[in-house]
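# Working through the structure, step by step
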Amino acid sequence: MQLEKIMKILLPKRISIQQSKMKRRIFMFILLSVILVCINIGYQYTHQFKIDNLNKVINVKSGKEDGQTRVENIPKGIWTVNSIGRLGNQMGEYATLYALAKLNGHQPYILPAMANYLSPLFKTTLPTLHESLIEKLHLMPYGLHDWMDDGYRNITGDYRKLTGYPCSWTFYHHLREEILREFTFHDFITEETNAYLRRIRGERKNVTFVGVHVRRGDYLRTMPNIWKGVVADKKYLEKAMTYFRNKYKNVIFVVTSDGMDWCKENINSSEGDVYFSDTSNSPGQDLSILAHCNHTVMTIGTFGYWAGYLAGGETIFLDNYTLPDSPFLKEFKYEAAFLPQWIGIPADLSPLFKKELQ
């Protein structure tokens, strides 16, 4: 009887304890479920927010004009451009993407390969498209000529990949100041370049620096054999350099080239005003030297073009360097390749005529 009384007292307490534990377990289960649901909702929201930021209009500060912060609308979509060719081509593709994406109201991104070319040199601002997204986005290709066309003002499609070798000023010259900001050299490169220019200037005062770029390399073969054209010769360089010697006092010419041995044999340096850049320089170092000069002598090619465009002074270029029936002219327009104020010196095409007579 005593035992029964004790059991009657303890059993309800035990049941109460078990019920309490069960309630706690149920409560913890519900709490954990709510937490997991909240985490999942938070993840989905964050993920969707990132996607929405690529696909809706957002306000982005993009520099200052006349002391006022300028705010632009960067709309939906992802546009990029192929990353092909060397430094001059990469710069042309970047500038064209920058201008056409802005003109058509889309967000430009560059490919990782282009970032690898340009970001070590310049303070570029366009974001890089991550490798993992490139195939997933199914970007539709859109081919470009190397000159601006009215049709490019209304390119349809939110997800585009521009293709070709665009470089012409006709795409982006209306945005010149913005393009120059994009191609601002990193400070350490500028400091290195200025130190070099100070060294070759020495004690001379009021010096005018003229950068000279002589393109040779593979063009020695492709121009005459494929494009029915020529590269710059000794006489062209003499005429161009004489122009600057006659116009300015205390001129210093800085020569860069992918054929420096030829330059040293054919460019007269006896007057003490010609300096040949170090052959160990990278293309970026040579471009920085040319861009920090006051004026430019270029021959052919996009590298020399960008030297003149970045320097911003007078630029002399090799003009009419192909025969009239050259297949090169199907892909190239002289008036779109060189700014109207630049000075062209016609090439000597006689070597091509002699070749045709043989």
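Our structure is the block above this text.
Conventions adopted
- Residues numbered from 1 in each chain as written.
- Predicted model: local features only at pLDDT ≥ 70, side-chain atom pairs only at ≥ 80, totals over all residues.
- Heavy atoms only, no water.
- Helix = DSSP H or I, 4+ residues; strand = E, 2+ residues; numbered from the N terminus.
- Buried < 20%, exposed > 50% of the residue type's maximum accessible area, 1.4 Å probe, protein only.
- Contact = heavy atoms within 4.5 Å.
- Areas by Shrake-Rupley, 256 points an atom, 1.4 Å probe, with all protein chains shown as cover.
- Core = buried A, V, L, I, M, F, W, Y, C linked by side-chain atoms within 4.5 Å.
- Salt bridge = Lys/Arg side-chain N within 4 Å of Asp/Glu carboxyl O.
- Pairing = 2+ DSSP bridges.
- Axes fitted to C-alpha atoms, helices over the stretch in contact; angles between N-to-C directions.

Looking only at helices and strands, one finds 13 helices and twelve strands in the protein chain. For the protein chain, with 358 residues in total, the buried portion stands at 43%. For the protein chain, long-range pairs separated by at least 24 residues make up 67% of all intrachain contacts whose partners lie at least 6 apart in sequence. As displayed, the protein chain offers around 20,400 Å² of accessible surface, 56% of which is attributable to carbon and sulfur atoms.

What follows covers helix H10 (residues 283–291). Taking burial as the measure, the nine residues of H10 include seven buried ones, the bulk of the element. Along H10, the residues classified as buried are Gly 284, Asp 286, Leu 287, Ser 288, Ile 289, Leu 290 and Ala 291. Tucked inside the fold, the buried residues of H10 contact helix H2 (87–104), helix H6 (187–201), strand S7 (208–214), strand S8 (251–257) and helix H11 (302–311).

Let us look at the nonpolar core. By size, the foremost hydrophobic cluster in this structure holds 81 residues, and its most contacted members are Tyr 172, Phe 183, Tyr 305, Trp 306 and Tyr 321. Broken down by element, the residue count for this core peaks at nine residues, all from H2. Not counting chain neighbours up to four residues away, the residues in contact with Tyr 305 comprise Cys 167, Ser 168, Trp 169, Tyr 172, Met 298, Ala 337, Leu 339 and Trp 342. Listed in part, the nine residues of the second largest apolar core include Tyr 196, Phe 209, Ile 252 and Ile 289.

Per the counting criterion, the structure on display carries ten salt bridges. Across the salt bridge formed by Lys 123 and Asp 187, the nearest N and O atoms sit 2.9 Å from each other. One end of the pair, Lys 123, is in the loop between helix H3 (112–118) and helix H4 (131–134); the other, Asp 187, is in helix H6, with 64 residues separating them in the sequence. For Lys 123, a relative accessible area of 36% translates into the label partly exposed. Its relative accessible area of 46% is what places Asp 187 among the partly exposed residues. The salt bridge involving Asp 218 is made with Arg 215; its shortest N-O contact spans 2.8 Å. Assessed through its relative accessible area of 37%, Asp 218 is described here as partly exposed. Through salt bridges with shared partners, one network takes in Arg 86, Arg 215, Asp 218 and Asp 258.

What follows covers the sheet that holds strand S3 (residues 78–81). Overall, parallel pairing links the four strands, which are arranged S4-S3-S6-S5 in an open sheet. Both outer strands of the open sheet, strand S4 (107–108) and strand S5 (140–143), are each paired with one neighbouring strand and no more. Examined bridge by bridge, S5 and strand S6 (residues 159–163) share four bridges and lie parallel to one another. Bridging from a neighbouring strand, Met 140 pairs with Arg 160 of S6.

Before going further, it helps to examine the sheet that holds strand S9 (residues 274–276). With respect to topology, six strands assemble into an open sheet ordered S9-S8-S7-S10-S11-S12, the strand pairing being parallel. In the strand order of this sheet, the two ends are held by S9 and strand S12 (343–346), each with one partner. Adjacent strand axes in the sheet meet at a mean angle of 25 degrees, parallel and antiparallel pairs treated alike. Strand direction decides the pairing type here: strand S10 (residues 295–297) and strand S11 (residues 315–319), joined by two bridges, are parallel. Note that in S11 the partner of Thr 296 across the bridge is Thr 315. Here H11 sits on the sheet and contacts S7, S10 and S11; the angle it forms with S10, its principal contact strand, is near 165 degrees.

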